[in-house]
Amino acid sequence: LIFGRIGEKMLNLLKKNYGRTLWIVRIVLALTILLNDLFSINTFYGLMEMMGISTPRVWYAYLFYAIITLLITEVFARIFIKFCFNFLRIYFIPYNEFMVLFLATLALNNLVSGLVKLLYFVTPVIAVFGEILIGFVTSAVAFFILFLVVKKLYLNDKNAPFVFKWFTIIFLFVNALFAFVL
Amino acid sequence: MKKFLLCFMLSISVLFASLCSNVAYAVQETDYSSYQTYVWLERFLNENDPVRTTGTEGEAMAADWLENEMQSMGYEVSVQEFDASLEGVSGVKEEFAKSKNIIAQKKSASNTQDTVVICAHYDNAAKMFNSVSMESGGEGALDNGSGVAVVLTVAQRLSAFEGDLPYNVTFVFFGAEEVGSGMMGSEYYVSNLTQQQKDSILLVINVDTIASGDNLYVWGEDIATPQADYFADISDGKIICPSVASVSMGFSVGYRPYYNICHMSDHMSFLTEKIPVAFFFSGNLSDGFSYVENAGKVDIQHTKNDTLEYLKQKHGIEFVNNMECVANAIYNGVVEDAEGFATAVENARDFIVSDFWLDMSNAYLIFVVLLGAFAVFAYNYHKKLKKRAVLGTAEVKNTTVFERPDEEDIFTFRS
């Protein structure tokens, strides 16, 4: 319905190639990370320049940042999710498929949050509230979408409450950790 | 014959070209000294020590020099002495040193309390640690000899002004802007003002680092302000209001929870006390939303290149034009167009961003409320899921997103 016939065909082809889908999701995620962090990167460069350190304001420096952040995000996410699935004995959700869905949801979250954060460049005053609240609101929506997709694909009526409870606890814990500690 | 003619023409061309360059050079030399701001900058640098970092004799000498110059213009001058931290200064054992603010005032005949403050800091970063070259060096021609020269120029013109203004004009030269956590002179000055004095300040005009840079900026707040718009208008667009500021969470420098280059000078001591400001500076905020002087990097401010000779070599007459432009804007606004200026800054206080929006604890409070709301929503949704689980089935779902491709699919995809 969204992509039309060509889109549907592409989607069907992607469903049959896990590796390529994962790489497409990674590329989209890297780009959305760049969008989401554009403001902070430029601020960091500005501070470096203030201290007399010249900064590489070139496209490949931004790309390098996106790739490194993607790498760190994915490595940590894989370790954390694998640990949670094993610890909670969630064997009914295929780990590899879930990783693709998780990274895709993260990209969606970054895209929406990054677009809203572009407002900082116009009115920096909103950055104070924005940096704390925008991330939480967009990630809460993204979290719920991810759960609905996972529920539709892998969960039955009996195990859905258990998964939702633990997903929510982990989500709230991670958000509070990022907001107050990191 | 042809060869002779060719040689003759070439010789003539070379001679003409060298004459032209000499003429251009001579014109440039003459131009410098015909500008009041340049003369003040040259005098300030030549008649003082190149090292004016807080805690050095050079800073004390510069303070005395400014006091004498302002007195010779006919101003009543007072000196404010305070202890300044020497954090960041190289080669000193003491933690604190004395520094001075030089204050001069021209009072209005109308006996009003309303005051316009015009200020610049006179210390420099010559003996301060620099991340690149241990000691910054330089003589502070750009940071902030240029600002001092502009304020002295305005003061000199105002001293010759025979009319009366509807407000008092106070000139302040701050010490200890560069050391410690920064802006120590202005912080001390503001802390010594009574609430009535704070309320009577119409506007604080701060000039810092304006000689170099691709653009001249005037900034009043992190939102549009009438005072910044006013100065941009009267300079015929030569001075622009920065529409984009470089800010971020996590990089607080003490004044606001986010970083912004426009916060990095003495006017912030006033703005945090809800006194309206206009900050003049030069740079380029269009390159990656950050502050740079020219062509993508800072190569003068806080480096050994911060000398008059380097400014001349790099910018030619342009750096003098920058100083003249700012001096003209301030003088024309505050003195020549006093009524228009007073009207423009009348409501400037209304444009100061409320503390509510700058207080991160308010944002955290809303975050906690949202977190709670989400937890309540999640609890109710979980209850709903559990209710459904009682009557629901426990069938194992075998649905997957990805399918095993057959040979034809792989071929189609790869092509």
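Nothing here was measured: the structure is a model prediction, and the numbers come from that model.

What counts, and at which threshold
Residues numbered from 1 in each chain as written. Chains lettered and ligands numbered in written order. Predicted model: local features only at pLDDT ≥ 70, side-chain atom pairs only at ≥ 80, totals over all residues. Heavy atoms only, no water. Helix = DSSP H or I, 4+ residues; strand = E, 2+ residues; numbered from the N terminus. Buried < 20%, exposed > 50% of the residue type's maximum accessible area, 1.4 Å probe, protein only. Contact = heavy atoms within 4.5 Å. Areas by Shrake-Rupley, 256 points an atom, 1.4 Å probe, with all protein chains shown as cover. Polar contact = N/O pair within 3.5 Å; in protein donor to acceptor, adjacent residues only side chain to side chain. Pairing = 2+ DSSP bridges. Expected span 1.5 Å × (residues − 1). Arc of directions from axis to C-beta. Patch = residues over 30% accessible without salt bridge, like charges linked within 9 Å, V, L, I, M, F, W, Y side chains within 5 Å. Salt bridge = Lys/Arg side-chain N within 4 Å of Asp/Glu carboxyl O.

Asks: If you had to explain the overall build of chain A to someone new, which residues and values would you point to?
Replies: Helix and strand counts for chain A stand at six helices and zero strands. Starting at the N terminus, the α and β elements of chain A follow one another as α-α-α-α-α-α. Once the C-alpha set of chain A is aligned to its principal axes, its extents read approximately 60 × 40 × 30 Å. Per-residue burial over chain A gives 49% buried out of 182 residues. Across chain A, the fraction of contacts at a sequence separation of at least 24, relative to all contacts at a separation of at least 6, is 69%. Taken as a whole, chain A presents about 9,600 Å² of accessible surface, with 77% of it coming from carbon and sulfur.

Asks: Can you tell me about the side chain of Asn159 of chain A, naming the residues and giving the values?
Replies: Residues and elements named next belong to chain A. With respect to the helices and strands, the residue Asn159 is situated in the loop between helix 5 (127-154) and helix 6 (160-181). On the basis of relative accessibility, which here comes to 13%, the residue Asn159 falls in the buried class. Within polar-contact distance, the side chain of Asn159 engages the backbone nitrogen of Asn156 at 2.9 Å.

Asks: Please set out the sheet that holds strand 9 (residues 239-240) of chain B residue by residue, giving values where relevant.
Replies: Residues and elements named next belong to chain B. Pairing is mixed in the open sheet, where eight strands are placed in the order 1-2-6-3-7-10-8-9. If you trace the sheet from one side to the other, it starts and ends with strand 1 (76-85) and strand 9, each paired once. Here strand 3 (residues 115-121) runs beside strand 7 (residues 201-207); their pairing, made up of five bridges, is parallel. Opposite Val116, over in strand 7, you have Leu203 as the bridge partner.

Asks: Describe the environment of Thr37 of chain B, listing the residues and the values that go with them.
Replies: Residue and element names in this part refer to chain B. Secondary-structure assignment places Thr37 in helix 2 (residues 36-46). Of the residues examined, Thr37 reaches a relative accessible area of 0% and is grouped as buried. In this structure the C-alpha to C-alpha distance between Thr37 and Asn322, which are 285 residues apart in sequence, comes to 9.6 Å.

Asks: Provide a residue-level description of helix 3 (residues 57-72) of chain B, including the pertinent values.
Replies: Residue and element names in this part refer to chain B. Here helix 3 is 16 residues long and its end C-alpha atoms lie 23 Å apart, about the 22 Å a rise of 1.5 Å per residue gives. Every buried residue of helix 3 is listed here: Gly58, Glu59, Ala62, Ala63, Trp65, Leu66, Glu69 and Met70. One side of helix 3 holds all its buried residues, which, seen down the axis, span an arc of 165°. Facing away from the buried surface of helix 3 by more than 90 degrees, the exposed residues are Glu57 and Ser72.

Asks: Tell me about a nonpolar patch on the surface, residues and numbers included.
Replies: Residue and element names in this part refer to chain A. Together, Leu108, Leu111, Val112, Leu115, Val116, Leu118, Leu119, Ile126, Val137, Val141, Ile145 and Val149 make up a nonpolar patch on the protein surface, roughly 870 Å² of accessible area in all. The set of elements that each furnish at least two residues to the nonpolar patch consists of helix 4 (95-117) and helix 5. Examining the composition of the nonpolar patch, we find that five residues originate from one element, helix 4, more than from any other. Positionally, Leu115 belongs in helix 4. Its relative accessible area of 48% is what places Leu115 among the partly exposed residues.

Asks: So what's going on with the pattern of salt bridges? Which residues, and what values?
Replies: Per the counting criterion, the structure on display carries eleven salt bridges over all chains. Among the ionic pairs, Arg26 of chain A bridges to Glu74 of chain A, the shortest N-O distance being 2.7 Å. Note that Arg26 of chain A is positioned in helix 2 (residues 18-50) and Glu74 of chain A in helix 3 (residues 59-87), a separation of 48 residues in sequence. Between Asp355 of chain B and Lys274 of chain B there is a salt bridge, with its nearest N and O atoms 2.9 Å apart. With Asp355 of chain B in helix 12 (residues 355-358) and Lys274 of chain B in the loop between helix 8 (267-271) and strand 10 (277-283), the pair connects residues that are 81 residues apart, well separated along the chain. Assessed through its relative accessible area of 48%, Asp355 of chain B is described here as partly exposed. Note on Lys274 of chain B: relative accessible area 29%, which makes it partly exposed.

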